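Chain and residue survey
Listed below, chain by chain, are the residues.
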Amino acid sequence: MQTKNFYFQSQSLEASLRGYSDPVVYSIYTGFGYNQTRKFKIAKIKYGNSIYAGGSLSIILSPKITLDLGAEQRFQTAQKINGIKNSELRSIPTISGGSTYSINQDTAISVSASLGGSSAAPDAIFGINLWKKF
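Small disclaimer: the values here were computed from a predicted structure and weren't measured.

**Here we look at the pairing of strand 1 (residues 10-21)**
As defined by bridge partners, strand 1 adjoins strand 2 (residues 24-35) across 12 bridges and the pair is classed as antiparallel. Following the sheet pairing, A15 is matched in strand 2 by T30. Count of turn residues in the strand 1/strand 2 antiparallel hairpin: two residues.

Here it is as structure tokens:
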């Protein structure tokens, strides 16, 4: 059995512009994700790097409820195992939606859904989050 730790093997850099125009809070962003090569006894794996851009929108429906929307386009480079390419450049579009309810000034609950992915890797994530200020 082999145990490997991969500290600081993936880095990302993101720039965003956020703003507010009653009743909307918006954000547009772009970024880059870099993965260093992982070395194992049996293989050397180079995961793909990615570049992405997207935006999010929170519409304040009432003092306690927001409607949250988002869209992102990501391009991921090919993955290589022992120098042999085993995937192609991938285009991964994603859309998301959800809502947040503020229970009080310290607690909120949100539900969300994110749908997307390429035809090679479709993706759907559904979530419920409880936010608590300490």
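**Overview of the sheet that holds strand 4 (residues 44-46)**
Two modes of strand pairing occur in sheets, parallel and antiparallel, and in both the strands are linked by backbone hydrogen bonds. A sheet is described by the order of its strands in space; here four strands give the open sequence 3-4-7-8, paired in antiparallel fashion. The outermost strands of the open sheet, each flanked by one partner alone, are strand 3 (38-39) and strand 8 (84-85). Note that strand 3 and strand 4 share two bridges and pair antiparallel. In the strand pairing of strand 4, K39 is matched with K44.

**Regarding the packing of aromatic side chains**
A complete count under the given rule lists one aromatic pair for this structure. Sitting over the ring of Y52, R74 keeps its end group 4.3 Å from the ring centre.

**Remarks on the pattern of salt bridges**
Following the criterion strictly, the structure yields two salt bridges and no others. Residue E72 pairs with R74 through a salt bridge whose shortest N-O separation is 3.1 Å. Owing to a relative accessible area of 18%, E72 belongs among the buried residues under this scheme. Take R74: its relative accessible area is 24%, and that puts it in the partly exposed class. Among the ionic pairs, K85 bridges to E88, the shortest N-O distance being 3.6 Å.

**Thoughts on the environment of S99**
Inspection of the secondary structure puts S99 in strand 9 (residues 90-104). Expressed as a C-alpha distance, the spacing of S99 and K85, which sit 14 residues apart in the sequence, is 41 Å.

**Considering unusual backbone geometry**
Here D22 and P23 are connected by a cis peptide whose omega angle stands at 5°. Looking at the element boundaries, P23 is found in the loop between strand 1 and strand 2. Although it is not a glycine, N82 adopts a positive phi angle of roughly 50°. Mapping N82 onto the fold places it in the loop between strand 7 (80-81) and strand 8.

What counts as what
Residues numbered from 1 in each chain as written. Predicted model: local features only at pLDDT ≥ 70, side-chain atom pairs only at ≥ 80, totals over all residues. Heavy atoms only, no water. Pairing = 2+ DSSP bridges. Helix = DSSP H or I, 4+ residues; strand = E, 2+ residues; numbered from the N terminus. Phe/Tyr/Trp six-rings, centres within 6.5 Å; stacked < 30°, edge-to-face > 60°. Lys NZ or Arg CZ within 6 Å of the ring centre and 35° of its normal. Salt bridge = Lys/Arg side-chain N within 4 Å of Asp/Glu carboxyl O. Buried < 20%, exposed > 50% of the residue type's maximum accessible area, 1.4 Å probe, protein only.

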